[in-house]
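The primary structure of each chain is shown beneath.
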Amino acid sequence: MSRQRPLKLALVGYGQAATLFFDAFAPEPEVQFRWVVGRLQEPADEFARQRSIPRATTHLAEALDDASVDAVIVATPHALHYPQALAALQADKHVVVEVPMTMDAAQARQLVQEATARRLALSVPHISRYLDVNLAARRLIQAGAIGPVYQFVYRRLWLQRTVGHLFNRQRSWTDTVSWHHAAHPIDLVMWLLDEPIACVGAALRHDPQSGSEVDLSANFVTPSGTLVTMAMSYNAHQDYLDTLIVGDRAVLEITGFSQLKQAGVTVVAPEEALQVQGRAYRRYAAAVAAGLRAEAPIPISGAEILPVMDQLQTLHDKAARLAQTPPVQESVR
Ligand SMILES: NC(=O)c1ccc[n+]([C@@H]2O[C@H](COP(=O)([O-])OP(=O)(O)OC[C@H]3O[C@@H](n4cnc5c(N)ncnc54)[C@H](OP(=O)(O)O)[C@@H]3O)[C@@H](O)[C@H]2O)c1
């Protein structure tokens, strides 16, 4: 699509991710936010007023009826991603839908089919791919700097109840460590190693009140034989976020969102988390804007994320089967 006029966007949600998207897209030349769509009118009005977005509504259909809107950014609770993204595609809008793309693999496939049939862009912001540490790690792995990779060990443990992690904002919904937070490392491993992965075992613990997944242990293998281990929790009173990539020649160690060491030597120095995440969202926004203007391919397409959704589905299916197994029934539910 060759564009002569500004790209016009509707933003669905006024929370953490919506704020990151606004800040990332706003500096792009020839991009205008036309609508913000929220759950409640007052905060939607306030979000729009603070950012000079001309229209705010609680009805997605109103924004979708606006023929001037080119693309819709869905930054709402997970369960809304599928119906809102589908409605936007059916209204002939390009779509960016936050992670997790949907809450099961079949829905993700339906979105990809809808976008393909209508020749619309569908993109999923797996922002990890735009973090400096991961870009540097990928370059080192692809250059053969650490040799063949034997193990990939990912830990993300923190305390998350009803408060969003980034801005400590109270949420009206409950997150899931598996569908949402495990989607990030699953995509990251495949992207860093340039190989598919297959889930070979998984266990989940659910919050007794909400039923949401709050603890996860999962193992994967790649065709070349890398063993992948993930341990994730919303129940840790201290924060841990690290990745060890154990190669034949050296270990890469990624700590937090911004520090990378190779064989114990700093390659990328630590920085404030929001700053590096903001920079990653800006890179992603620039790539999406270029894609929508047909100057480059659309980054991280829905089709590209289907293997992530398939692995998430397998992980949940395996964990559900494990929970049915008599010896573990009492401890893993
Ligand atoms: N890619 C990444 O790295 C990344 C980072 C952060 C978040 N995310 C994803 O982004 C999504 C949002 O997360 P968040 O942290 O931004 O949560 P959040 O701060 O709670 O924002 C969610 C927003 O959606 C609004 N909302 C709820 N129901 C709605 C409806 N029916 N129509 C329109 N808006 C509605 C909420 O309004 P109320 O507050 O009034 O309910 C809130 O403004 C999640 O799926 C999350 O996984 C991804």
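Computed from a prediction, not measured in an experiment: that's the story for all the values here.

Trainee: I tried to follow the overall build of the chain on my own but got confused; where do I start?
Mentor: Within the chain, the secondary structure is distributed over ten helices and 14 strands. Dimensions of the chain, computed from C-alpha atoms along their principal axes, come out at roughly 55 × 45 × 40 Å. Pairs at least 24 residues apart make up 68% of the contacts formed inside the chain by residues separated by at least 6 positions. Looking at the chain as shown, the accessible area adds up to about 14700 Å², and 52% of this sits on carbon and sulfur atoms.

Trainee: What's the story with the site of the ligand in this structure? I'm lost.
Mentor: Residues in close proximity to the ligand total 27 residues, the closest being Gln-16, Arg-39, Val-99, Arg-171 and Ser-172. Within the side chain of Tyr-14, a nitrogen or oxygen atom sits 2.6 Å from an oxygen atom of the ligand. In the model, an oxygen atom of the ligand is placed 3.3 Å from a nitrogen or oxygen of the Thr-76 main chain. Protein contacts shield 91% of the accessible area of the ligand, which totals 900 Å² for the unbound molecule. Put simply, the parts of the chain that give the shell around the ligand at least two residues each are α1 (16-25) and α4 (78-90). The dominant element in the shell around the ligand, judged by the number of residues it contributes, is α4, at four residues. Split by residue class, the shell around the ligand holds twelve nonpolar, eleven polar and four charged. Taken domain by domain, the makeup of the shell around the ligand includes at least three residues from each of domain 1 (7-123) and domain 2 (128-271 + 311-328).

Trainee: Any chance you could explain the packing of α4 against helix α5 (residues 105-117) here in plain terms?
Mentor: Packed helices, taken two at a time, are described by the angle between their axes plus the distance between the axes. Relative to each other, α4 and α5 sit at 10°, their axes nearing to 10 Å. For the element pair α4 / α5, the angle class is roughly parallel. Contact with α4, carried on its side by Tyr-82, Ala-85, Leu-86, Leu-89 and Gln-90, involves Gln-107, Gln-110, Leu-111, Glu-114 and Ala-115 of α5 and no other residues of that element.

Trainee: Got a minute to help me understand helix α10 (residues 302-324) in this structure?
Mentor: Side chains three or four residues apart in an α-helix point the same way, a direct result of the helix having 3.6 residues per turn. Given a rise of 1.5 Å per residue, 23 residues ought to cover 33 Å, and the 32 Å separating the end C-alpha atoms of α10 matches this to within 8%. Those residues of α10 that sit buried are Gly-302, Ile-305, Leu-306, Val-308, Met-309, Gln-311, Leu-312, Leu-315, His-316, Ala-319 and Ala-323. Where α10 is buried, its residues touch α5, β6 (122-123), α7 (177-181), α8 (183-193), β8 (198-206) and β9 (213-221).

Trainee: What am I meant to see in the domain arrangement of the chain here?
Mentor: Accessible area lost on assembly of the parts is the figure often given for the size of an interface. Domain boundaries assigned for the chain yield domain 1 (7-123) and domain 2 (128-271 + 311-328). Distance from the C-alpha centre of domain 1 to the C-alpha centre of domain 2: 27 Å. Opposite the 14 residues of domain 1 that make contact, domain 2 presents 16 residues. Our count for the contact surface shared by domain 1 and domain 2 stands at zero salt bridges. Where domain 1 touches domain 2, the interface holds two residue pairs in polar contact (both at pLDDT 80 or more). When grouped by side-chain class, the residues that make up the side of domain 1 that touches domain 2 number seven nonpolar, five polar and two charged.

Trainee: Which parts of the structure should I look at to understand the sheet that holds strand β7 (residues 149-159)?
Mentor: Backbone-to-backbone hydrogen bonds join strands into a sheet, with any given pair of strands oriented parallel or antiparallel. Overall, mixed pairing links the eight strands, which are arranged β8-β9-β10-β7-β11-β12-β13-β14 in an open sheet. The open sheet terminates on both sides in strands that have one partner only, identified here as β8 and β14 (265-268). Pairwise comparison of adjacent strand axes, ignoring direction, gives a mean angle of 15° for this sheet. Here eight bridges tie β8 to β9, and the two strands are oriented antiparallel to one another. For Arg-205, the partnering residue across the bridge sits in β9 and is Asp-215. Sheet contacts for α10: β8 and β9; angle to β8, the most-contacted strand, approximately 60°.

Rules behind the numbers
Residues numbered from 1 in each chain as written. Predicted model: local features only at pLDDT ≥ 70, side-chain atom pairs only at ≥ 80, totals over all residues. Heavy atoms only, no water. Helix = DSSP H or I, 4+ residues; strand = E, 2+ residues; numbered from the N terminus. Contact = heavy atoms within 4.5 Å. Areas by Shrake-Rupley, 256 points an atom, 1.4 Å probe, with all protein chains shown as cover. Near = heavy atom within 4 Å. Polar contact = N/O pair within 3.5 Å; in protein donor to acceptor, adjacent residues only side chain to side chain. Nonpolar A, V, L, I, M, F, W, Y, C, P; charged D, E, K, R; others polar. Domains from an automatic or database assignment. Axes fitted to C-alpha atoms, helices over the stretch in contact; angles between N-to-C directions. Parallel < 35°, antiparallel > 145°, perpendicular 65-115°, else oblique. Expected span 1.5 Å × (residues − 1). Buried < 20%, exposed > 50% of the residue type's maximum accessible area, 1.4 Å probe, protein only. Salt bridge = Lys/Arg side-chain N within 4 Å of Asp/Glu carboxyl O. Pairing = 2+ DSSP bridges.

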